[in-house]
Amino acid sequence: MLYMSNISFNKNGPMVVTGPIVVMTKKGPIKVGAGEKVYLCRCGHSKDKPFCDGSHAKNGFTADGSSDE
Ligand code: FES
């Protein structure tokens, strides 16, 4: 089966990336397997960057999403 990476955006929330990809972090590379999802911060408030830790909801972050979900 062929898997392709995909990027979408949650309204008022993180970027959602579907693997296969490798996320480069300060702690080293993190592999995201085919079909697995990772949520990346785009509000700038996460204490676990590059990952979303839910802080966007407490800080009133607003941004368009890439779907009507
Ligand atoms: S987008 Fe969720 S903490 Fe930044």
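Our subject is the structure that appears above.
Note that the coordinates shown come from a computational prediction; the quantities given were computed from them, not determined experimentally. (Residues numbered from 1 in each chain as written. Predicted model: local features only at pLDDT ≥ 70, side-chain atom pairs only at ≥ 80, totals over all residues.)

1. Points about the overall build of the chain
Moving on, step 1. Helices and strands together make up the secondary structure of the chain, namely one helix and five strands.
Moving on, step 2. Each helix and strand of the chain, placed in order from N terminus to C terminus, yields the pattern β-β-β-β-β-α.
Moving on, step 3. Its C-alpha atoms give the chain principal-axis dimensions of roughly 40 × 30 × 10 Å.
Moving on, step 4. A fraction of 31% describes how many contacts in the chain between residues 6 or more apart in sequence connect residues 24 or more apart. (Helix = DSSP H or I, 4+ residues; strand = E, 2+ residues; numbered from the N terminus. Contact = placed C-beta atoms within 7 Å.)

2. Re the sheet that holds strand 1 (residues 6-9)
Moving on, step 1. Here we have three strands laid out as an open sheet, ordered 1-2-5, and antiparallel in their pairing. The open sheet is flanked by strand 1 and strand 5 (37-40), the only strands paired with a single partner. Neighbour to neighbour, the strand axes of the sheet diverge by 25 degrees on average, direction disregarded.
Moving on, step 2. Sheet topology places strand 1 next to strand 2 (residues 15-18); four bridges connect them, and they run antiparallel. Of the residues in strand 2, the one forming a bridge with Ser-8 is Val-16. (Pairing = 2+ DSSP bridges. Axes fitted to C-alpha atoms, helices over the stretch in contact; angles between N-to-C directions.)

3. Regarding the pairing of strand 4 (residues 28-32)
Every regular strand shows the same layout, with side chains that alternate between the two sheet faces.
Moving on, step 1. Strand 4 sits mainly on the outside: zero of its five residues count as buried.
Moving on, step 2. Two strands pair when backbone bridges link them, and strand 3 (residues 21-25) and strand 4 are joined in this way by five bridges, in the antiparallel orientation. If you follow Ile-21 over to strand 4, its bridge partner there is Val-32.
Moving on, step 3. Taking the residues that link successive antiparallel strands as the turn, the strand 3-strand 4 hairpin has two residues. (Buried ≥ 20, exposed ≤ 12 C-beta atoms within 10 Å, placed from the backbone.)

4. Regarding the environment of Cys-43
Moving on, step 1. Structurally, the position occupied by Cys-43 is in the loop between strand 5 and helix 1 (55-58).
Moving on, step 2. Note: C-alpha distance between Cys-43 and Met-15 (28 residues apart in sequence) is 9.7 Å.
Moving on, step 3. Setting aside residues no more than four positions away along its own chain, Cys-43 makes contact with Ser-55, His-56, Asn-59 and Phe-61.

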